[in-house]
Amino acid sequence: MGAKEKKVLKNLKKVSSSQLSNEKEPADFLPLEGGPEHKLRLPKQKEQKNIATVLYIGRIPHGFYEKEMEAYFSQFGTIKRLRIARNKKTGKSKHYGFIEFADPEVAEVVAECMHNYLLFEHLLQVHLIPPEHVHPKLWKGFNYQYKPLDRVQIERKRQNMDRTLEEHKKLVEKIMKKGQKRQKMIEAAGLDYECPEIVGDVQPASKRIKFDED
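Residues numbered from 1 in each chain as written. Predicted model: local features only at pLDDT ≥ 70, side-chain atom pairs only at ≥ 80, totals over all residues. Heavy atoms only, no water.

Enquirer: Could you clarify how one ought to interpret the environment of Y96 in this entry?
Expert: With respect to the element layout, Y96 can be found in strand β3 (residues 93–101). Counting along the chain gives 29 residues from Y96 to Q125, while the straight-line C-alpha distance between them is 9.0 Å. In this structure Y96 touches Y56, I57, G58, I60, I84 and A85, once residues within four positions along its chain are discounted. (Helix = DSSP H or I, 4+ residues; strand = E, 2+ residues; numbered from the N terminus. Contact = heavy atoms within 4.5 Å.)

Enquirer: What should I look at first to understand the packing of aromatic side chains in this one?
Expert: How two aromatic rings sit relative to each other is given by the distance of their centres and the angle of their planes. A complete count under the given rule lists 6 aromatic pairs for this structure. With 5.4 Å between their ring centres and 85° between their planes, Y72 and F73 make a pair best called edge-to-face. Residue F73 is classed as buried on the basis of its relative accessible area of 0%. The cationic tip of R86 hangs over the ring face of Y65; the distance from NZ or CZ to the ring centre is 5.0 Å. (Phe/Tyr/Trp six-rings, centres within 6.5 Å; stacked < 30°, edge-to-face > 60°. Buried < 20%, exposed > 50% of the residue type's maximum accessible area, 1.4 Å probe, protein only. Lys NZ or Arg CZ within 6 Å of the ring centre and 35° of its normal.)

Enquirer: Looking at this model, I keep getting lost on the nonpolar core. Mind explaining?
Expert: Side chains of nonpolar character tend, in soluble globular proteins, to be buried together. Of all hydrophobic cores here, the largest spans 19 residues; its most connected members are L55, I57, M69, F73, I99 and F101. Taken together, the elements giving at least two residues each to this core come down to β1 (54–58), α2 (66–73), β2 (79–86), β3 and α3 (104–114). Examining the composition of this core, we find that 5 residues originate from one element, α3, more than from any other. I99 has contacts with T53, V54, L55, I57, F73, I79, R81, L82 and W139, leaving out every residue within four places of it along the chain. (Core = buried A, V, L, I, M, F, W, Y, C linked by side-chain atoms within 4.5 Å.)

Enquirer: Explain the pairing of β2 here, please?
Expert: One face of the sheet, then the other: side chains in a regular strand alternate in exactly this way. Note: β2 against β3, 6 bridges, orientation antiparallel. Residue pairing in the sheet places R86 in a bridge with S93 of β3. Between β2 and β3, which pair antiparallel and follow one another directly, the connecting turn spans 6 residues, one of which, G91, has a positive phi of 80°. (Pairing = 2+ DSSP bridges.)

As far as function goes, none of this settles anything; it's purely spatial.
In structure tokens, the structure reads:
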């Protein structure tokens, strides 16, 4: 290849490179009457950061209560609040609860690691709750230790309460009606049995019975 041919190749390369540099990027839309071209500028989408710190935990097994949950989940990070839904009458667990961590990143890790985790033959259901979906009264009284009512003691007081003579008569009549109904059911079943009778329609007044004051 001679010197002239080399010069021609160099010039061609320069022209091609200059043409490529002068080419503009295609416009997103063209003007109607020969105006300048415009390129549409889309706003940059910012990555949404997780700010949820409250977790819903379902299918909590029996025996895995507040103390056990706090001891277990504290290995992930600092726990701010924790509560288990309980029955108001019996105080028994409803097998679901809520837990709040101080750091949203920790809450996200717990949701990923503990969802469908097998614990005492129960698959835990762990989900993040967005802040706008957290009920304002969710943590009301969360640290209150519920003590179930002693139903036996309440019924004992009701049965042993002081009664007037009229109230005592109504009580005896009610017992006698139940006894007659029971006796009819026994006879209909073909059984030869007599229920013990109550001595007298109205028993003698005891110290507990209050007489109506005239």
